[in-house]
Amino acid sequence: MPSRDGPAVVEVDDLVKRYPRTDTNAVDGLSFTVAPGEIFGLFGPNGAGKSTTVGILTTRLRATGGRAVVCGVDVGRDPAAARAHLAVVPQHNNLDRALTPRQNLVYHATYHGVRRREAHARAAELLDRFGLTERADRRIEAYSGGMAQRLMIARALTHEPAVLFLDEPTNALDPQTRLLIWGQLRQLRERGVAIVLTTHAMNEAARVVDRVGIVDHGRLLTLDTPTALVRGLAGDALLDLTVTPAGGDDPDALCAALGELPGVRKAERVATPTVPAGGRPGGGAAGLAGVGAGGAGMLAALAAGGGRPGAGRLAALAGAGLLGRGGGAAGNGGRGRLRIRLHLAGDPATLLGPAVTVLTARSAAVNAVDVGEPSLEDVFIELTGRQPR
Ligand SMILES: Nc1ncnc2c1ncn2[C@@H]1O[C@H](COP(=O)(O)OP(=O)(O)OP(=O)(O)O)[C@@H](O)[C@H]1O
C-alpha cells in the first residue's frame, strides 16, 4: 500500500501568476495538496496554466501571489532547498549529449550533493531498473525517444526526490515504453514518492493516478479520484443513438425529448462518426443498420424482452452483434443523421426500450445504438467544453 501518511509534500495555496505585459492571470488562485506516495494528475486544455503551475513548484518561475510549498519549503523563499526535494522530467529531451547516459546520471547525482561512489551505485541501479544497462556507455545520440525518456526519469531519481514532476511522460512513446514507465511510476508510489503529472492522455493516466485536478483559465474546476469524477459528472453509462429524424422534425427537440426520459441525466448532440465507403466506423463494432419504425419496434421488443432488461440483456444484444461501441453501417451514407449521447444514471438496458419508443413516436429511424462507459475524457469535455483552444 502506498504511504499516504504524514503532511502533504506539495501545497499550493491561492497561487497566482501573471506574466509581464498580459492582462489575465495564467494561474488564478489555484489551491491543492499532494500527499506522500500519491500520483496526482494535473489536467487541463492547452493554455490552462498547468506548465506555469509546475514551473512555479519546480522553481523555474516566480509566483505573483499565493504560496507554493514542497516538503515544507516555500519554493519562492528558498528555491535551492526546495530543489533538493524535487525532480522534474520535462517533455522535451534535455539530456547532456556531451556525456554518456551513465555520466548523465552520475553528474546529476553529484550536482545534488551525492558522493561519487554512491552516485555510481545509484546510476547502475537506475540504469538496470529502466532497462538501459547495456547501452549505458554509448553515445546518447543513438538513443530512441523511448530510451531518452527512460533515461530522463532515471536521472530525475538519482538524488532520491520526495516529489517527481512529469510533463507528458508518455507522449509519442510506443506501447512497450509506456507500460514500462507507468509500471515504474507505480513502484515509485509504493516507495512513498509523490508524483505530479500533466498529460493530455488522460484515459491512459486515469488507470494510474490517485486523484485528478482539472484546471482551466488558471482555476481549479474539480479535484477528486478518477472514479468519483466519472461517476459524478458523466453518469454511470453512455448510450449513443445514431438516428435519422423524420423530415421536418427539429433535431434539438428530438434530443430534448430523449433528455426527458427518467434515468437520463443529460442528452447532448455529438459529432456523427464518419462512415467509410462500404464500411463501418469504429473498427469492427457492430450496429443496427437502417432500423426504421418497424425495426425499431423489434429493437424495443428485444430491449424489453424477458421482463426487466438488465446489463446482461444488453450484453447479449452486443454479443449478438446488434449493439456496439463503434456505430452502425450506413444506409444512406449518413445524410441527415444525428448522434445523440445520453448520460445515464443506471443500466443502459432499461433505457433502450423507452428511448426507442420516443424515437418511434417521432418517426425517427434508428441507425445505430452504442453503449459505453464514460471516461475521464468525457468528464474533461463536460467541464471544459468541446471548443479547441
Ligand atoms: N512566458 C509567457 N509569457 C506570457 N504568457 C505566457 C507565457 N507562458 C505561458 N503564457 C500564457 O499563460 C497561460 C497558461 O499557459 P501554460 O503554458 O501554463 O498552459 P498549459 O496548461 O501548460 O498549456 P499546454 O497544455 O499547452 O502546455 C496561457 O494563456 C499562455 O499563453
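Residues numbered from 1 in each chain as written. Predicted model: local features only at pLDDT ≥ 70, side-chain atom pairs only at ≥ 80, totals over all residues. Heavy atoms only, no water.

In the nomenclature of an unreviewed UniProt entry, the protein is known as ABC transporter domain-containing protein of Micromonospora wenchangensis. Note on the protein: under the UniProt heading Sequence similarities (unreviewed entry), the record states "Belongs to the ABC transporter superfamily." For the protein, the Subcellular location (unreviewed entry) comment in UniProt is given as "Cell membrane". (UniProt positions renumbered as here; feature names shortened; annotations may be inferred.)

Student: Which residues make up the confidence of the model for the protein, and what values do they have?
Tutor: Per-residue confidence for the protein averages 83 on the pLDDT scale, and 82% of its residues sit at or above 70. Overall, residues 275–333 carries pLDDT values under 50, and its contacts beyond four positions in sequence, including any with other chains, amount to 98 contacts. (pLDDT = per-residue confidence, 0-100. Contact = heavy atoms within 4.5 Å.)

Student: I'd like a rundown of the pattern of salt bridges, residues and numbers included.
Tutor: What the rule picks out here adds up to 16 salt bridges. Between E204 and R178 there is a salt bridge; the shortest N-O distance is 3.1 Å. Residue E204 is found in helix α7 (residues 202–205), and its partner R178 is found in helix α6 (residues 175–190); the two are separated by 26 residues along the sequence. For E204, a relative accessible area of 16% translates into the label buried. A salt bridge links R341 to D378; the shortest N-O distance between them is 3.7 Å. With R341 in strand β13 (residues 338–344) and D378 in helix α13 (residues 376–384), this pair connects stretches of sequence that are 37 residues apart. For R341, a relative accessible area of 15% corresponds to the buried category. If you follow the salt bridges from partner to partner, you end up with D240, R339, R341, D370 and D378 in one network. (Salt bridge = Lys/Arg side-chain N within 4 Å of Asp/Glu carboxyl O. Helix = DSSP H or I, 4+ residues; strand = E, 2+ residues; numbered from the N terminus. Buried < 20%, exposed > 50% of the residue type's maximum accessible area, 1.4 Å probe, protein only.)

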